[in-house]
Amino acid sequence: EFSSRELTESLLARIERHDGDLNSFITVTPEQALAAADAADGARGEAGPLAGVPLALKDIFCTTGVKTSAGSRMLDNFVAPYDATVVEKLKAAGTVSLGKTNMDEFAMGSSNENSFYGPVKNPWDGSAVPGGSSGGSAAAVAAGLVPAAMGTDTGGSIRQPAAFCGITGLKPTYGRVSRYGIIAYASSLDQAGPMARTAEDCARLLGAIAGHDPRDSTSVARGVPDYTEELAAPLSGLKIGLPTEYFGEGLDPDVERAVREAIRVYESLGATVREVSLPHTHYAIPAYYVIAPAEASSNLARYDGVRFGHRCDAPADLTDLYKRSRAEGFGEEVQRRILMGTHTLSEGFFDAYYKKAQQVRRLIRQDFLDAFDEFDVLMGPASPTPAFDLGAKKDPVSMYLQDIYTIAINLAGIPGISVPAGFVGGRPVGLQILGTHFAEARLLNVAHQFQ
Ligand code: GLN
């Protein structure tokens, strides 16, 4: 047995050795980490199961005294005066944060290439992206720099990088985890969750971060079960639905093969498998790319060069201050989203775009609820392809199409987990498992049986 200090020191040395190349961290915090490790070692015996466990936080979680950049030049100088609820809870559980991980700017992206701090390499293949937006968290876990990391998922940002990096990533039900202190992208979709090697590790981490928080009115007042209790429950009789629309055109045949093989394992464990239709799937990407940028344009209005973050040099007047601070502070994709969002929310376009998208969102949610009347879980790929090459997707729409299997889940508010399901051409593939609202224990149970 070794101490948390020894473990922390060895991981810090690994980060030092490998992360110059990988670029999975924006900020490493050795002093704070060693102090937390010593505190955990001192509390031995009375401490919980996570005491002394090292981990990393996506750089979107506010942390007292440590920079929180959201991957943006806008917040390159921002040090929050408080901890996010997730951070507070992880500290209380005795975990040891080694630092803040790289991400797409304001969590907008599917490849981590939109970061002000540069792209992250996929640890399995240095010419591939790690996925995004929680690409740094996924890469850090896959490279063995930390055993676990926290991510956020607005349209796939936990599940898709987990799939690309061959780890396990869980997006909880909307409202399961407090969003307080998490830099907002699209508030009706954002949700934080764990990324780790196994479902068992994710179960422990979810137990630590879930629960009602009076500081987030959308967090749900509902007890937090022990998510490890059901992990070993047998799967015989489990009803698995395969959404027809998740196995259609655009799905890489090798990814399909890997996913279908994984599903056969469940059949051998006694599950039954049948196809089911989610007829509105087709509208998920357009609806999401109206709703998410609309909410983002509102959330990002606060970065005005006055109260937070980047301020331009020598502004001529207030308008000049706003304009130049925002033009300099926000990257290209973020500016594109703000433009889309302000457009769809503007008078004359609101009914045609935003209102319509909200109506479609309702239909997408109903598709899932109907399916869960018949099935315990749904299964499919987390992404239509394995990790693509760095620099391969040049136009924004081809990047948006990447999110085809993850985005509807956020629109519906249901939980989803991506589990490693083999490799295609040396790059990992993820099996995605979906459940109805608050079915996290079930998802973790089903994921665990595969591992
Ligand atoms: N790729 C999606 C987007 O760019 C989802 C990102 C996320 O989940 N944060 O919006």
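Going by the structure above, here's the rest.
Everything in this summary refers to the structure shown in the same document.

Conventions and cut-offs
- Residues numbered from 1 in each chain as written.
- Predicted model: local features only at pLDDT ≥ 70, side-chain atom pairs only at ≥ 80, totals over all residues.
- Heavy atoms only, no water.
- Helix = DSSP H or I, 4+ residues; strand = E, 2+ residues; numbered from the N terminus.
- Pairing = 2+ DSSP bridges.
- Axes fitted to C-alpha atoms, helices over the stretch in contact; angles between N-to-C directions.
- Contact = heavy atoms within 4.5 Å.
- Buried < 20%, exposed > 50% of the residue type's maximum accessible area, 1.4 Å probe, protein only.
- Patch = residues over 30% accessible without salt bridge, like charges linked within 9 Å, V, L, I, M, F, W, Y side chains within 5 Å.
- Areas by Shrake-Rupley, 256 points an atom, 1.4 Å probe, with all protein chains shown as cover.
- Salt bridge = Lys/Arg side-chain N within 4 Å of Asp/Glu carboxyl O.
- Phe/Tyr/Trp six-rings, centres within 6.5 Å; stacked < 30°, edge-to-face > 60°.
- Core = buried A, V, L, I, M, F, W, Y, C linked by side-chain atoms within 4.5 Å.
- Near = heavy atom within 4 Å.
- Polar contact = N/O pair within 3.5 Å; in protein donor to acceptor, adjacent residues only side chain to side chain.
- Lys, Arg positive; Asp, Glu negative; His and termini not counted.
- Bend = angle between axes of the 7 residues up to and from the residue.
- Parallel < 35°, antiparallel > 145°, perpendicular 65-115°, else oblique.
- Left-handed = near helix turned anticlockwise from the far one by under 90°.
- Nonpolar A, V, L, I, M, F, W, Y, C, P; charged D, E, K, R; others polar.

1. A closer look at the environment of Pro253
Examined against the element boundaries, Pro253 turns out to sit in helix 7 (residues 253-268). Each C-alpha atom of the pair Pro253 and Val419 lies 19 Å from the other, and the pair is 166 residues apart in sequence.

2. What to know about the sheet that holds strand 5 (residues 168-171)
Pairing between the strands of a sheet comes from backbone hydrogen bonds, and it takes one of two forms, parallel or antiparallel. The strand order across the open sheet formed by eleven strands is 1-3-2-4-6-5-10-11-9-7-8, and the pairing between neighbours is mixed. Of all strands in the sheet, those with a lone pairing partner are strand 1 (25-28) and strand 8 (272-276), marking the two edges. Strand after strand, the sheet turns through a mean of 30° between neighbouring axes, direction not considered. Sheet topology places strand 2 (residues 54-58) next to strand 4 (residues 148-152); two bridges connect them, and they run parallel. Its bridge partner lying in strand 4, Leu57 is registered against Met150. Here helix 6 (residues 199-209) sits on the sheet in contact with strand 2, strand 4, strand 5 and strand 6 (192-196), set at roughly 150° to strand 6.

3. Some points on unusual backbone geometry
Cis rather than trans, the peptide bond between Gly132 and Ser133 has omega equal to 5°. Here Ser133 is to be found in the loop between strand 3 (96-101) and helix 4 (135-142). For Ala107, which is not glycine, the phi dihedral falls at a positive 65°. A relative accessible area of 4% means that Ala107 is categorised as buried. Of note in the backbone geometry, Asn112 takes a positive phi value of approximately 65° without being a glycine. Within the secondary structure, Asn112 sits in the loop between strand 3 and helix 4.

4. Remarks on a nonpolar patch on the surface
Side chains of Val306, Leu318 and Tyr322 sit close together on the surface and give an oily, nonpolar patch of about 250 Å² of accessible area. Examined against the element boundaries, Val306 turns out to sit in the loop between helix 8 (284-299) and helix 9 (318-329).

5. Here's the deal with the packing of aromatic side chains
Each aromatic ring pair is specified by the distance between its two centres and by the angle formed by the two planes. Under the definition given, this model contains 15 aromatic pairs. Each ring, one from Phe349 and one from Tyr353, has its centre 6.2 Å from the other, and the planes form 25°; the classification is stacked. What makes Phe349 partly exposed here is its relative accessible area of 34%. Residue Tyr353 is classed as partly exposed on the basis of its relative accessible area of 37%.

6. Section: the nonpolar core
Grouped together as the largest cluster of nonpolar side chains are 102 residues, with contacts concentrated most on Phe61, Phe106, Phe368, Met379, Ile433 and Leu444. Looking at which element gives the most residues to this core, the answer is helix 8, with ten residues. Ignoring any residue separated from it by four or fewer positions in sequence, one finds Phe368 in contact with Tyr246, Leu278, Leu378, Ala408, Ile409, Ala412, Ile414 and Leu434. Formed by 24 residues, the second largest nonpolar core is a distinct cluster that contains Leu12, Ala138, Ala142 and Ile158.

7. Some points on the pattern of salt bridges
A complete count under the given rule lists 22 salt bridges for this structure. Put simply, Asp125 and Arg427 hold a salt bridge, and the shortest N to O gap is 3.0 Å. One end of the pair, Asp125, is in the loop between strand 3 and helix 4; the other, Arg427, is in strand 11 (residues 427-434), and 302 residues separate them in sequence. Between Asp304 and Arg307 there is a salt bridge; the shortest N-O distance is 3.1 Å. Classification of Asp304 as buried rests on a relative accessible area of 10%. When salt bridges that share partners are traced, they join Glu332, Glu333, Arg336 and Arg337 into one network.

8. Here we look at the site of the ligand
Surrounding the ligand, one finds 15 residues, the nearest of these being Ser110, Gly155, Ser157, Tyr185 and Tyr288. Separating an oxygen atom of the ligand from a side-chain N or O atom of Arg337 is a distance of 2.8 Å. For the ligand, a nitrogen atom lies 2.9 Å from a polar atom in the side chain of Asp403. The protein chains hide 99% of the 290 Å² of surface that the ligand would expose on its own.

9. As for the side chain of Arg326
For Arg326, the position within the fold is in helix 9. Although Arg326 lies buried, it forms no salt bridge, and the closest oppositely charged side chain, Asp304, sits 7.2 Å away as judged by the N-O distance. Non-local contacts of Arg326, meaning those with residues more than four positions away in its chain, are made with Met74, Leu300, Ala301, Tyr303, Gln335 and Ile338.

10. Let's talk about helix 1 (residues 4-22)
Of all bends in helix 1, the biggest is about 35°, found at Glu16. When helix 1 is considered as a whole, its buried residues turn out to be Ser4, Thr8, Leu11, Leu12, Ile15, Asp19 and Leu22. Tucked into the core, helix 1 has its buried residues touching strand 1, helix 2 (30-42), strand 2, strand 3 and helix 4. Asn23, located one to two residues past helix 1, shows a positive phi value of around 65°.

11. Brief notes about the packing of helix 8 against helix 11 (residues 351-374)
Look at helix 8 against helix 11: their axes get within 9 Å of each other, and the N-to-C directions meet at 125°. When the interaxial angle is binned, helix 8 and helix 11 end up oblique. Helix-helix and strand crossings are classified by hand; for helix 8 and helix 11 the assignment is left-handed. Note on element contacts: helix 11 touches helix 8 through Tyr353, Tyr354, Ala357, Gln358, Val360, Arg361 and Ile364, opposite Ala284, Ala287, Val290, Ile291, Ala294 and Glu295. Counted by class, the contact of helix 8 with helix 11 contains ten nonpolar, one polar and two charged residues.

Geometric values such as these leave the question of function open.
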